[in-house]
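This is what each chain is made of:
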Amino acid sequence: MDEHLNNDKIKPLRIGIAGLGTVGAALVLMLEKNAKQIQRKHGRMVKVVAVCARSRSRDRGIDISGFAWHDDPVALAKDENVDLFVELIGGEDGPALASVKAALEAGKPVVTANKALLAKHGVDLAALAEKSGVHMGFEAAVAGGIPVIKTLREGLGAASVTRVYGILNGTCNYILTRMGNEDISFADCLKDAQALGYAEADPTFDVEGFDTAHKLAILTSLCFQCKIAADEVFVEGITAITQEDIKVAAELGYAIKLLGIAKRSEKGIEQRVHPTFVPASSAVARVDNVLNAIILETDHVSELMLSGPGAGGSATAASVLADILDIARGQIIPPLGMPTAELSDYKRAPMQSHKGGYYIRLDVLDVPGALAAITSRLGENNISLESVIQRPDIDIDASGISNSSEAGKTRTLVLITQDTLEASLRKALDQVADDGHTIGAPQVIRIESF
Ligand code: HSE
């Protein structure tokens, strides 16, 4: 008989879960449903013994009557019947930080799905885990169900990453995919993403790109062995993307994706999050809906792409459970892949030195010489154009809002540049604005040619 089946000598691992939202409830169900399989496979029983959430009575589709209840997550973290603390509260400070610290200080391993917390305090918390000699797992914090943390920390031990990029937010990918496939508004897509449990409690974190930035900063640390520097990420969200941008992108053979990209250069490490034109034929362009993807470019393993569900209760809970099982088996490794004392300081490569192609959409007054003036400004700044598209007239009023007043007529002008320095592009666009042939701010979207 398999010795694991009757291994009574190993005590159950007793879990305390703080936060019973979509992920917490899915984790409780998953642990219940898979209890026997977990014990058979991992040789140890894992059971929830205590929980803490905002409301005790809310119907979550799970029975919590058998668990000890705590109103305070710090008390849960310190509960002597709890061996492992799972933090699913969310938020970069407050109760999440206090309870994770309390658990680590009490010498208990922690599993968290909280990317905002790690983006801000990850290095300090990892140092605390190291000092206490316990593990801190956070697989679920980046890209939901995709085991990218384990891949970077353990699987790719011998390879050196040169660039990491990907789709790290399920909500944004869901919205951009639906806007591309259906004539549906941004607001309706967001509502559906919230109903499906993909979005953050405050969805501006998703659509303004901050959630992606948090995840990217964590990946950057693991890829380049530097301290987490979420405040140093250049961030643009997807709220300004229009149906027109999506349609023009498709006509030109591109899809628009919100990407997080980090790479090492001579000037430092570039971390950026922004909507991106990617070739429709590229692998990343075909990652749709709530799926996430991470592409790791390395020296020895060349290119590795991991793709899977990036948000949602079960996918995220599965990553939380994977960390719990590692701890059940006795895993204790530096949470950020190497001891925190060995991590280098983050050195930011300035965004102005970024070089790449750009999509520029301008509302141009329909007057003689306007197009020539704009293209000559680009030429003066050493910017070569790949293509130029001019759209039919749009009537606009003096405030720049499209309608049918007599104030003026504009044409939509789309310019695709060849590789250009960000600094040159910004300078040229400032000059174009000063020349007064355009209405409103230009739409600028970076192009990557993966
Ligand atoms: N709000 C996040 C997303 C959840 O949409 O990807 C997973 O971190």
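Residues numbered from 1 in each chain as written. Predicted model: local features only at pLDDT ≥ 70, side-chain atom pairs only at ≥ 80, totals over all residues. Heavy atoms only, no water.

## Things to note about the domain arrangement of the protein
Piece 1. As assigned here, the protein comprises domain 1 (2–141), domain 2 (148–309) and domain 3 (353–447).
Piece 2. Just the C-alpha atoms count here: the centres of domain 2 and domain 3 sit 27 Å apart.
Piece 3. Listed by partner, the interface residues are 19 residues for domain 2 and 15 residues for domain 3.
Piece 4. Around 1400 Å² of area is buried between domain 2 and domain 3 when both sides are counted, 55% of it from carbon and sulfur atoms.
Piece 5. When residues of domain 2 are sorted by the area they lose upon contact with domain 3, E244, D245 and F277 head the list and together hold 33% of the total.
Piece 6. Connecting domain 2 to domain 3 are three salt bridges.
Piece 7. For the pair domain 2 and domain 3, the interface holds eight residue pairs in polar contact (both at pLDDT 80 or more).
Piece 8. Listed by contribution, the elements that provide at least two residues to the side of domain 2 that touches domain 3 are α11 (243–251), β9 (254–265) and β10 (268–279).
Piece 9. Ranked by residues supplied to the side of domain 2 that touches domain 3, first place goes to β10 with six residues.
Piece 10. For the side of domain 2 that touches domain 3, the residue count by class is nine nonpolar, three polar and seven charged. (Domains from an automatic or database assignment. Contact = heavy atoms within 4.5 Å. Buried area = accessible area lost by both parts, 1.4 Å probe. Salt bridge = Lys/Arg side-chain N within 4 Å of Asp/Glu carboxyl O. Polar contact = N/O pair within 3.5 Å; in protein donor to acceptor, adjacent residues only side chain to side chain. Helix = DSSP H or I, 4+ residues; strand = E, 2+ residues; numbered from the N terminus. Nonpolar A, V, L, I, M, F, W, Y, C, P; charged D, E, K, R; others polar.)

## Some remarks on the site of the ligand
Piece 1. All residues in the neighbourhood of the ligand are listed as K115, N169, G170, T171, Y198, A199, E200, D206, D211, K215, G310 and A311.
Piece 2. Between the ligand and D206 there is a distance of 2.7 Å, counted from a nitrogen atom to a side-chain nitrogen or oxygen.
Piece 3. Taken by itself the ligand offers 260 Å² of open surface, and the protein chains cover 95% of this.
Piece 4. Among the secondary structure elements, those contributing two or more residues to the shell around the ligand are α7 (170–181) and α10 (210–224).
Piece 5. Tallied by class, the residues present in the shell around the ligand amount to three nonpolar, four polar and five charged. (Near = heavy atom within 4 Å. Areas by Shrake-Rupley, 256 points an atom, 1.4 Å probe, with all protein chains shown as cover.)

## Points about the packing of aromatic side chains
Piece 1. Applying the stated criterion to the full structure yields five aromatic pairs.
Piece 2. Between Y254 and F277 the ring centres are 5.3 Å apart and the planes differ by 50°, which places this aromatic pair in the tilted class. Of the two residues, Y254 sits in strand β9 while F277 sits in strand β10, which places them 23 residues apart along the sequence.
Piece 3. Judged by relative accessible area, which is 0%, F277 ranks as buried.
Piece 4. Among the aromatic residues, those joined into a ring-pair cluster are Y254, F277 and Y359.
Piece 5. In this structure, R153 packs its charged tip against the face of F138, placed 5.5 Å from the ring centre. (Phe/Tyr/Trp six-rings, centres within 6.5 Å; stacked < 30°, edge-to-face > 60°. Buried < 20%, exposed > 50% of the residue type's maximum accessible area, 1.4 Å probe, protein only. Lys NZ or Arg CZ within 6 Å of the ring centre and 35° of its normal.)

## A few points about the packing of helix α4 (residues 94–105) against helix α5 (residues 115–132)
Packed helices, taken two at a time, are described by the angle between their axes plus the distance between the axes.
Piece 1. One can describe the packing of α4 onto α5 by two numbers: an axis separation of 9 Å at closest approach and a directional angle of 10°. When the axis of α4 is compared with that of α5, the two are roughly parallel. Considering the relative orientation of α4 and α5, their crossing is right-handed. For the pair formed by α4 and α5, the contact residues are A96, L97, V100, K101, L104 and E105 on the first element and L117, H121, L125, L128, A129 and S132 on the second.
Piece 2. Its residues assigned to classes, the contact of α4 with α5 shows eight nonpolar, two polar and two charged. (Axes fitted to C-alpha atoms, helices over the stretch in contact; angles between N-to-C directions. Parallel < 35°, antiparallel > 145°, perpendicular 65-115°, else oblique. Left-handed = near helix turned anticlockwise from the far one by under 90°.)

## Description of the sheet that holds strand β3 (residues 68–70)
Piece 1. Here we have six strands laid out as an open sheet, ordered β3-β2-β1-β4-β5-β6, and parallel in their pairing. Looking at which strands have only one partner, the edges of the open sheet turn out to be β3 and β6 (136–137).
Piece 2. Sheet topology places strand β1 (residues 13–18) next to strand β2 (residues 46–52); six bridges connect them, and they run parallel. Note that in β2 the partner of R14 across the bridge is K47.
Piece 3. The strands that α4 touches are β4 (84–87), β5 (110–112) and β6; relative to β4, the one it contacts most, it runs at about 165°. (Pairing = 2+ DSSP bridges.)

## A few points about the nonpolar core
Piece 1. Ranked by internal contacts, the top residues of the largest apolar core, which has 87 residues, are L104, V148, L152, L219 and I294.
Piece 2. Residues L13, L31, A53 and V111 belong to the second largest nonpolar core, which totals 33 residues. (Core = buried A, V, L, I, M, F, W, Y, C linked by side-chain atoms within 4.5 Å.)

## Description of the pairing of β1
Piece 1. The buried fraction of β1 amounts to five of the six residues, a majority that puts the element mostly inside the structure.
Piece 2. Across four bridges, β1 lies against β4 in parallel orientation. By the bridge assignment, I15 is partnered in β4 with L84.

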